[in-house]
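Structural overview
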Amino acid sequence: MIWKDILNRLVGFRRMRSTEDVQRAILTYLHGHREATMATIIAHMFPEENEGTILPEVLQAAQILVNRRQLTAWRGAATVDPVHAGAETLLRLS
């Protein structure tokens, strides 16, 4: 174990997830379900996290995936940018 890990455990900091880790979690969930709200993905892929803590990370990762045309984000019948949307936005594989 390196000193950074020891310090983080002693002080109580959690391990920071990379954006790529969150993107991978979103895509993994959607490959099995085709579409889901961000709240559903958070509940299933990050059950130990408070939604308010993880939501900004999920919004950012979803926006990157939308920009790469791997996902589409929907609110009602209109497409939206995930960073301007909420947890109830529907994500679909493109």
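A short tour of the structure in this document, coming up. (Residues numbered from 1 in each chain as written. Predicted model: local features only at pLDDT ≥ 70, side-chain atom pairs only at ≥ 80, totals over all residues. Heavy atoms only, no water.)

1. Details of the pattern of salt bridges
Inspection of the entire model under this criterion finds four salt bridges. A salt bridge links Arg 24 to Asp 21; the shortest N-O distance between them is 3.0 Å. Highlighted residues: Arg 24 and Asp 21, both in helix H2 (residues 19–33), separated by three residues, approximately one helical turn. On the basis of relative accessibility, which here comes to 26%, the residue Asp 21 falls in the partly exposed class. One connected set of salt bridges, linked through shared partners, spans Arg 17, Glu 49 and Glu 57. (Salt bridge = Lys/Arg side-chain N within 4 Å of Asp/Glu carboxyl O. Helix = DSSP H or I, 4+ residues; strand = E, 2+ residues; numbered from the N terminus. Buried < 20%, exposed > 50% of the residue type's maximum accessible area, 1.4 Å probe, protein only.)

2. Things to note about the nonpolar core
Judged by nonpolar contacts, the single largest core of 25 residues is most densely connected at Ile 26, Leu 30, Ile 41, Val 58, Leu 71 and Leu 91. When contributions to this core are tallied by element, the ones reaching two or more residues are H2, helix H3 (38–45), helix H4 (51–67), strand S2 (71–75) and strand S4 (90–93). Looking at which element gives the most residues to this core, the answer is H4, with eight residues. Excluding anything up to four places from it in sequence, Val 58 contacts Val 22, Ile 26, Met 38, Ile 42 and Phe 46. (Core = buried A, V, L, I, M, F, W, Y, C linked by side-chain atoms within 4.5 Å. Contact = heavy atoms within 4.5 Å.)

3. Section: the sheet that holds S2
Spatial ordering of the open sheet is given by S1-S4-S2-S3, a layout of four strands whose pairing is antiparallel. Edge positions in the sheet fall to strand S1 (35–37) and strand S3 (78–79), since each has one partner strand and no second. Bridging between S2 and S4 involves four bridges; their strand directions are antiparallel. Directly across from Ala 73, in S4, lies its bridge partner Leu 91. Packed onto the sheet, H2 meets S1, S2 and S4 and runs at close to 75° relative to S4. This element, H4, spans S2 and S4 of the sheet and lies at about 115° to S2. (Pairing = 2+ DSSP bridges. Axes fitted to C-alpha atoms, helices over the stretch in contact; angles between N-to-C directions.)

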